[in-house]
Amino acid sequence: MTAKMLRGRVLSFVRAPLGPDDSDSYRYFEDGFVAIDGGKIIAVGDVAALPGPFDGEVIDHRPHLILPGLIDPHIHFVQMQVVGSYAANLLEWLNNYTFIEEQRFADPAHGARIAGLFFDELIRNGTTTAAAYCSVHAASAEAFFAEAEKRNMLMIGGKCLMDRNCPEALQDTPQTGYDATKALIGKWYGKGRAHYAITPRFAITSTPEQMEMVAALTKEHPDCYLQTHLSENIAEIELTTSLYPDAPDYAGVYEHYGLMGPKSLYGHCLHLSDREVGMMAETGAVAVPCPTSNMFLGSGHYDLARMQGAGLRTGVATDIGGGTSYSMLETLDTFYKSQQLSGNRLTPLMSFYMMTRGNAEALSLESKIGSIEPDADADLVVLNAAATPAMSVKMERVETLSEELFLLQTLGDDRAVVETYVAGVAMKAGLAG
Ligand code: GUN
Ligand code: ZN
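Report on the accompanying structure. Once a new chain begins, its residue numbering starts again from 1 and follows that chain's sequence as written. Chains and ligands are labelled sequentially in the order written, the chains with letters from A and the ligands with numbers from 1. Thresholds applied to this predicted model are a pLDDT of at least 70 for local features of residues and 80 or more for the giving and counting of side-chain atom pairs; totals over whole chains, interfaces and linings are not thresholded and use all residues. Working from all heavy atoms in the structure, the side-chain values ignore hydrogens and water.

Describing the packing of aromatic side chains
Argument step 1. Here a pair means two rings of Phe, Tyr or Trp (six-membered ring of Trp) with centres within 6.5 Å. Their orientation is stacked below 30 degrees between planes, edge-to-face above 60, and tilted elsewhere. Counting across every chain of the model gives 16 aromatic pairs.
Argument step 2. In our convention, an over-ring charge means Lys NZ or Arg CZ found within 6 Å of a ring centre and within 35 degrees of that ring's normal. The residue whose ring lies beneath Lys263 is Tyr225, and the NZ or CZ to ring-centre distance is 4.2 Å.

Things to note about the pairing of strand β4 (residues 57–68)
Argument step 1. As paired strands, strand β1 (residues 4–13) and β4 are joined by six bridges and run parallel to one another. Within the sheet, the bridge partner assigned to Met5 lies in β4 and is Val58. Being paired, for any two strands, means DSSP has found at least two bridges between them. Comment: elements are numbered from the N terminus, with helices defined as DSSP H or I runs of at least four residues and strands as E runs of at least two.

Focus: the site of ligand 1
Argument step 1. Nearness is defined per residue: one heavy atom within 4 Å of the molecule or strand is enough. Every residue lining ligand 1 is accounted for by His76, Gln79, Leu90, Trp93, Leu94, Arg201, Phe202, His229, Glu232, His268, Ser293 and Asp319.
Argument step 2. At 2.7 Å, a side-chain N or O of Arg201 approaches an oxygen atom of ligand 1.
Argument step 3. Pairing of N or O atoms within 3.5 Å defines a polar contact, subject to two protein rules: one partner must be a possible hydrogen donor and the other a possible acceptor, and residues neighboring in sequence count only if both atoms are side-chain atoms. His268 has a polar side-chain atom sitting 3.5 Å from a nitrogen atom of ligand 1.
Argument step 4. Reported accessibility uses the Shrake-Rupley method at a 1.4 Å probe radius. Residues are deemed covered only where the shown protein chains occlude them. The protein chains hide 100% of the 280 Å² of surface that ligand 1 would expose on its own.

Here we look at the coordination of the zinc ion (ligand 2)
Argument step 1. Donor atoms are limited to N, O and S found within 2.8 Å of the metal ion, a distance that becomes 3.2 Å for Na, K and Ca. With water left out, some sites might look partial. Surrounding the zinc ion (ligand 2) are the protein donor atoms His74 (NE2), His76 (NE2), His229 (NE2) and Asp319 (OD), which sit 2.0 to 2.4 Å from the metal.
Argument step 2. Around the zinc ion (ligand 2), the four donor atoms sit at angles spanning 90 to 163°, and that spread fits a shape best called irregular.
Argument step 3. One chain supplies every donor to the zinc ion (ligand 2), and in sequence these donors are spaced H-x1-H-x152-H-x89-D. Residue His74 is located in strand β5 (residues 70–76), and its partner His229 is located in strand β10 (residues 225–230); the two are separated by 155 residues in the primary sequence.
Argument step 4. Overall, His229 belongs to the buried group, its relative accessible area being 6%. Irregular is the label for any site that misses the other tests, which are tetrahedral for four donors with all angles between 85 and 135 degrees, and square planar for four donors or octahedral for six when opposite donors exceed 155 degrees and the remaining angles lie between 65 and 115. Relative accessibility thresholds used throughout: buried, under 20% of the residue-type maximum; exposed, over 50%; partly exposed, between the two (1.4 Å probe, protein chains only).

What to know about the pattern of salt bridges
Argument step 1. Each reported salt bridge corresponds to a side-chain nitrogen of Lys or Arg within 4 Å of a carboxyl oxygen of Asp or Glu. Inspection of every chain in the model, using the stated rule, returns 24 salt bridges.
Argument step 2. Its salt-bridge partner being Arg104, residue Glu101 comes within 2.8 Å of it at the nearest N-O pair.
Argument step 3. Under the relative-accessibility criterion, Glu101 is labelled buried at 13%.
Argument step 4. The exposure class assigned to Arg104 is partly exposed, which follows from its relative accessible area of 40%.
Argument step 5. Within the structure, one salt-bridge network assembled from shared partners comprises Lys40, Arg193, Asp377 and Asp379.

What about the environment of Met155?
Argument step 1. Within the fold, Met155 resides in the loop between α3 (138–151) and β7 (156–158).
Argument step 2. Given the relative accessible area of 0%, Met155 is considered buried.
Argument step 3. Should any heavy atoms of two residues lie within 4.5 Å, those residues are counted as being in contact. Sequence-distant contacts of Met155, defined by excluding residues within four places in its chain, comprise Phe119, Leu122, Thr128, Thr129, Ala130, Phe144, Phe145, Ala148, Arg193, Ala194 and His195.

Comments concerning the sheet that holds strand β3 (residues 40–46)
Argument step 1. Read across the sheet, seven strands follow the order β3-β2-β1-β4-β14-β15-β16 without closing on themselves; strand pairing throughout is mixed. Among the strands making up the open sheet, the edge pair consists of β3 and β16 (425–426).

Side note on the pairing of β5
Argument step 1. β5 sits mainly inside the fold: seven of its seven residues count as buried.
Argument step 2. Examined bridge by bridge, β5 and strand β6 (residues 127–133) share five bridges and lie parallel to one another. Along β6, the bridge assignment pairs Ile71 with Thr129.

Overview of the nonpolar core
Argument step 1. Take the buried Ala, Val, Leu, Ile, Met, Phe, Trp, Tyr and Cys residues and link them wherever side-chain atoms come within 4.5 Å; each set so joined is a nonpolar core. The biggest cluster of nonpolar side chains holds 113 residues, and the ones touching the most others in it are Tyr254, Tyr266 and Met280.
Argument step 2. Sequence-distant contacts of Tyr254, defined by excluding residues within four places in its chain, comprise Phe202, Ala203, Met211, Thr228, His229, Leu230, Leu259, Met260 and Tyr266.

Considering unusual backbone geometry
Argument step 1. Note that the residue after Arg62, namely Pro63, is joined by a cis bond; omega there is 5°.
Argument step 2. Along the chain, Ile320 connects to Gly321 via a cis peptide bond; the corresponding omega equals 10°.
Argument step 3. With respect to the helices and strands, Gly321 occurs in the loop between β13 (313–314) and α11 (328–341).
Argument step 4. One non-glycine residue, Asn152, lies in positive phi territory at about 60°.
Argument step 5. Relative to the elements of secondary structure, Asn152 occurs in the loop between α3 and β7.
Argument step 6. The exposure class of Asn152 is partly exposed, given its relative accessible area of 36%.

As for the environment of Thr331
Argument step 1. Within the secondary structure layout, Thr331 lies in helix α11.
Argument step 2. On a C-alpha basis, the gap between Thr331 and Asp319 in space is 9.6 Å, while along the polypeptide they are twelve residues apart.
Argument step 3. For Thr331, the residues in contact, after removing those within four places along its chain, are Pro291, Thr292, Val316, Ala317, Thr318 and Ser325.

A closer look at the packing of helix α2 (residues 108–124) against α3
Argument step 1. Every angle, taken between N-to-C directions, lies between 0 and 180 degrees, and every axis is a line fitted to C-alpha atoms, over only the stretch in contact when it is a helix. Running from N to C, α2 and α3 cross one another at 40°; their axes reach a closest spacing of 8 Å. Looking at the two axes, α2 sits oblique to α3. Where α2 crosses over α3, the handedness of that crossing is right-handed. Touching Pro108, Gly111, Ala112, Ala115, Gly116, Phe118, Phe119, Asp120 and Ile123 of α2 are Ala139, Ala143, Phe144, Glu147, Ala148 and Arg151, all from α3. Throughout, the term roughly parallel applies to angles under 35 degrees, roughly antiparallel to angles over 145, roughly perpendicular to angles from 65 to 115, and oblique to all others. Put simply, a crossing is left-handed when the front helix is turned counterclockwise from the back one by less than a right angle, and right-handed when it is turned clockwise.

Topic: the packing of α11 against helix α12 (residues 348–362)
Argument step 1. Following both chains from N to C, one finds α11 and α12 inclined at 125°, their axes separated by 9 Å at the closest point. Taken together, the axis directions place α11 and α12 in an arrangement best described as oblique. Remark: the crossing between α11 and α12 carries right-handed chirality. Note on element contacts: α12 touches α11 through Ser351, Phe352, Met354, Met355 and Asn359, opposite Met328, Leu329, Leu332 and Phe335.

Now the structure itself:
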């Protein structure tokens, strides 16, 4: 008997909330249960509706909230030791720190060590799925996928493709990058819960010849993702359009190579023109702003109201190590504040939708993760809105679910994560430290 049942206050979104009080956008069971068997959710509902005593282990998480595991659709696993590097802007940060640090991943032992620490940190923060950039070295992707497999986590990853405008030690060639990517897809895609993202870092670090190879890879592997960066910083945009003078704009570079589609994940997208936004929305491509990174590097602001109005699919992510927190709670707190600066409101319901079901939809994985529903994977997070003295005293004045979510977002971090379940297995208790 492997069945188990979690008890707690169960919250799961069914669609994007249309306003601050849109109670039709979610299901909430105040005295709820989630029944799990074989890594899947088999039932969810009110304890009072259970037909009889549960035949299996019962884990009582009352009074805490049980949500779908959090999802981070843009993060660099090889940048754990880049976080908090002092730089004026993106290109300085890349050249002075990031391109130096990533060279250390030529050593497979370094990749293996950092991969272990990386997945520990995700679990500590309640993140059960991420779309991650590895370094240019195939060994770093090997380390990433091996560690994800060990923990049975649904992970998306890919080796960076770069053949110019970075240190020679970080360059592949159009052919070696193509071959290494093919080999990684062949070995890892579909193994356990692994997905692969074809990963040209950004247009600046790939020649047109490499972009042709990327185009071939995406055609040969339509089930794989494409992840890259787009329109993060003004100097980056100017350099890109000078390197690709025939493109109408930055997004037009990727469009030219046929890289716009529903499985294309574009990090940042802060300074897009109306043409770029309209074209991306039409193709179903996904924009992934990364608010703590966008503030830290002074890159700019993602205008959520404008993008949603244009129908652009949007995820939201940490972007460690340009980003400054592994916590999706802190990430949405910063997103909230950045929207405030432009007069946009981000409701607590929208924030929690985005870090769960919304990001699952951005990854086209909503049938598997991001919701607490029968047949979904049992990836879950248990959150305590009174985890610290400051949260506890504020919690005394909280009256509604939305207020509790807002407290979790505003004051919460990894300390609010009571437990993280991956395919039904409690993962946090086993972490060191
Ligand atoms: N653009 C190209 N590479 C990177 C990266 O590693 N981080 C961020 N934030 N932007 C990038
Ligand atoms: Zn990034």
